[in-house]
Amino acid sequence: MREAVIVEAVRLPVGRRNGIYSDTRSEYLLSSVLKGLIEQSGMNAKEVQDVIVGSVTQTNEQGNNIARIATLMAGLPEEVPAMTLNRKCGSSQHAVNLAAQGVISGDFDVVIAAGIENMTRHPMGSDKVPEPKELEELYEIVPQGESAERIADRWGLSREELDEFAVRSHHLAHKATLNGDFEREILPVEVEKDGENITVTRDEGVRPNSTLEKLSGLKSVFREGGKITAGNASQISDGAAAVLIMSREKAEELGLKPRARIIARDVIGSNPTMMLTGIIPLTKRILKKANLTVDEIGIFECNEAFSSVVLSWEKELKPNMDKVNPRGGAIALGHPTGASGARIMTTLLHELEDFDQRYGLQVMCCGGGMATATIIEKL
């Protein structure tokens, strides 16, 4: 059986909405991370056989198969093809899974999986059209935030619990930033902002002074008197990330060190109204597929779309929470939707190495009622 291994993974610092990347086109961000990935790996770009990129809002700069445009801009040979896919928030995690499948099947030896989303320049929902009445006759169509409210209600989660988890995210991300824990995974990038050239080296959305008292003063967003606020939901963000995936044999032939192997991949559909609950059955299913238990996972990365999503998952799976998002998550670091899957995989790889853990599990809920999951093993 062929093995798909991760040789390198990098990400750009995540930018806030209307922040450091607001004047920067998406193609530049994506091409920068592709070029940086290849340079950091030490591999010749001619070895790449495909580039698979996740992007959610494929309009304007992010349309027209941005993967192909950025691949050429990054200086890869014209013979290297590229495709852009949309599985909502799990898009670039699914790109990782597809790349692994291509390697395991023998179709490819070297594939780049990446993600891009500049949500400042391509607002979430700007590609949306009204749902057809046939769908609305089948399901109650609600905003994601209302789904998050219903999850909080179903699992009996209080507003205080949601806010406490958000504070945890910011404090862990701030601690990791101060300790330099993100430095190995972050690729500094030079951009122009307000006519000035700036080198970006740190995530922009982390709020070290976040407190329960401050968050408790925020108004609910999706429901009058509700529990979901801007403080306990993921940040709207800009960013890009990329992961280099190879067959183990090819990596060894090129003299490159495999850092982890991808041992299980999965995707599931879930109820479109509740929308964000697919991570619960999917985590159980992928653990069974990998013949692992919750206790055997050294690091979990469960995307912090909303506090209620992670906390409902915690209630069902009962993991040791010290192992869950140990360097914070999307509430603090941000959630550039199409890029988040590759960003989280990059962070997970480095966490496994830094904490000397064997198995890592990444799981993400996706809009429309889906979820993606991957388990990797540190080598």
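The rules behind the values
- Residues numbered from 1 in each chain as written.
- Predicted model: local features only at pLDDT ≥ 70, side-chain atom pairs only at ≥ 80, totals over all residues.
- Heavy atoms only, no water.
- Helix = DSSP H or I, 4+ residues; strand = E, 2+ residues; numbered from the N terminus.
- Contact = heavy atoms within 4.5 Å.
- Polar contact = N/O pair within 3.5 Å; in protein donor to acceptor, adjacent residues only side chain to side chain.
- Patch = residues over 30% accessible without salt bridge, like charges linked within 9 Å, V, L, I, M, F, W, Y side chains within 5 Å.
- Areas by Shrake-Rupley, 256 points an atom, 1.4 Å probe, with all protein chains shown as cover.
- Salt bridge = Lys/Arg side-chain N within 4 Å of Asp/Glu carboxyl O.
- Phe/Tyr/Trp six-rings, centres within 6.5 Å; stacked < 30°, edge-to-face > 60°.
- Buried < 20%, exposed > 50% of the residue type's maximum accessible area, 1.4 Å probe, protein only.
- Pairing = 2+ DSSP bridges.
- Axes fitted to C-alpha atoms, helices over the stretch in contact; angles between N-to-C directions.
- Parallel < 35°, antiparallel > 145°, perpendicular 65-115°, else oblique.
- Left-handed = near helix turned anticlockwise from the far one by under 90°.
- Nonpolar A, V, L, I, M, F, W, Y, C, P; charged D, E, K, R; others polar.
- 1 Å grid on protein atoms, 1.4 Å probe; cavity = no way out; pocket = protein on both sides within 12 Å on 5 of 7 lines; lining within 4 Å.
- Points joined across faces, edges and corners; volume = space filled by probe spheres on them.

Q: What exactly am I supposed to notice about the environment of Asp356 here?
A: Take Asp356: it is sitting in the loop between α12 (337–354) and β11 (359–366). Residues Asp356 and Leu138 lie 218 residues apart in sequence; the distance between their C-alpha atoms is 47 Å. Apart from residues lying up to four places away in sequence, Asp356 is in contact with Glu351 and Lys378. Within polar-contact distance, the side chain of Asp356 engages the side chain of Lys378 at 3.2 Å.

Q: Would you explain a nonpolar patch on the surface in this entry?
A: Judged by side-chain polarity, Leu135, Leu138, Tyr139 and Ile141 come together as a nonpolar surface patch covering roughly 350 Å² of accessible area. Looking at the element boundaries, Leu135 is found in helix α4 (residues 133–138).

Q: Help me understand the packing of aromatic side chains in this model?
A: Two aromatic rings, taken as a pair, are described by how far apart their centres are and by the angle between their planes. Per the stated rule, a full pass over the model turns up two aromatic pairs. With centroids separated by 6.4 Å and ring planes inclined at 75°, the aromatic side chains of Phe222 and Phe306 adopt a geometry described as edge-to-face. Of the two residues, Phe222 sits in the loop between α7 (212–216) and β8 (237–247) while Phe306 sits in the loop between β10 (299–302) and α10 (307–317), which places them 84 residues apart along the sequence. Taking the relative accessible area as the measure of exposure, Phe306 reaches 6% and is therefore buried. On the numbers, 5.5 Å between centres and 75° between planes, the contact of Phe300 with Trp313 is edge-to-face.

Q: Sorry if this is basic, but what is going on with the pairing of strand β1 (residues 4–11) here?
A: Along a regular strand, successive side chains alternate from one face of the sheet to the other. When you tally the buried positions in β1, you get eight out of eight residues, the bulk of the element. Examined bridge by bridge, β1 and β8 share seven bridges and lie antiparallel to one another. Bridge pairing in β8 links Val5 to Met246. For β1 and strand β9 (residues 260–269), the ladder comprises two bridges, and the chain directions are antiparallel. Its bridge partner lying in β9, Ile6 is registered against Ala260.

Q: Just to check I follow, could you spell out unusual backbone geometry for this structure?
A: Trans is the common state for peptide bonds, and a negative phi is the common state for residues other than glycine. A positive phi angle, close to 60°, is found at Asn291, a residue other than glycine. Examined against the element boundaries, Asn291 turns out to sit in the loop between α9 (279–290) and β10. Judged by its relative accessible area of 67%, Asn291 falls in the exposed class. Positive phi values are uncommon outside glycine, yet Lys318 reaches one of about 55°. With a relative accessible area of 62%, Lys318 lands in the exposed category.

Q: Explain the packing of helix α1 (residues 26–41) against helix α2 (residues 66–73) to me, please; I cannot follow it from the model alone.
A: Helix packing geometry: the angle between the two helix axes and the distance between the axes. Look at α1 against α2: their axes get within 8 Å of each other, and the N-to-C directions meet at 55°. Considered as vectors, α1 and α2 are oriented oblique to each other. Here the hand of the crossing between α1 and α2 comes out right-handed. Contacts between α1 and α2 involve Ser26, Glu27, Tyr28, Leu30, Ser31 and Leu34 from the former and Ile66, Ala67, Ile69, Ala70, Thr71 and Met73 from the latter. Partitioned by chemical class, the residues of the contact of α1 with α2 number eight nonpolar, three polar and one charged.

Q: How do you make sense of the side chain of Thr24 when you look at a structure like this?
A: Relative to the helices and strands, Thr24 is located in the loop between β2 (15–16) and α1. The class for Thr24 is buried, based on a relative accessible area of 5%.

Q: Would you mind showing me how to read the packing of helix α3 (residues 91–105) against α12 here?
A: Axis separation between α3 and α12 bottoms out at 5 Å; the angle between their running directions is 60°. As summarised for this structure, α3 and α12 are arranged oblique, according to the angle between their axes. The segment α3 lies against α12, with Ser91, Ser92, Gln93 and Val96 engaging Gly338, Ala339, Ser340, Gly341, Ala342 and Met345. Grouping the constituent residues of the contact of α3 with α12 by class yields four nonpolar, six polar and no charged.

Q: Is there a simple way to explain the layout of surface pockets in this structure?
A: Rolled over the atoms, a probe as big as a water molecule pinpoints where empty space is left. In this structure, the largest pocket encloses a volume near 1200 Å³. Together, 37 residues line the largest pocket, and Met124, Gly125, Pro143, Gln144 and Gly145 are the ones closest to its centre. Tallied by class, the residues present in the lining of the largest pocket amount to 18 nonpolar, 11 polar and eight charged.

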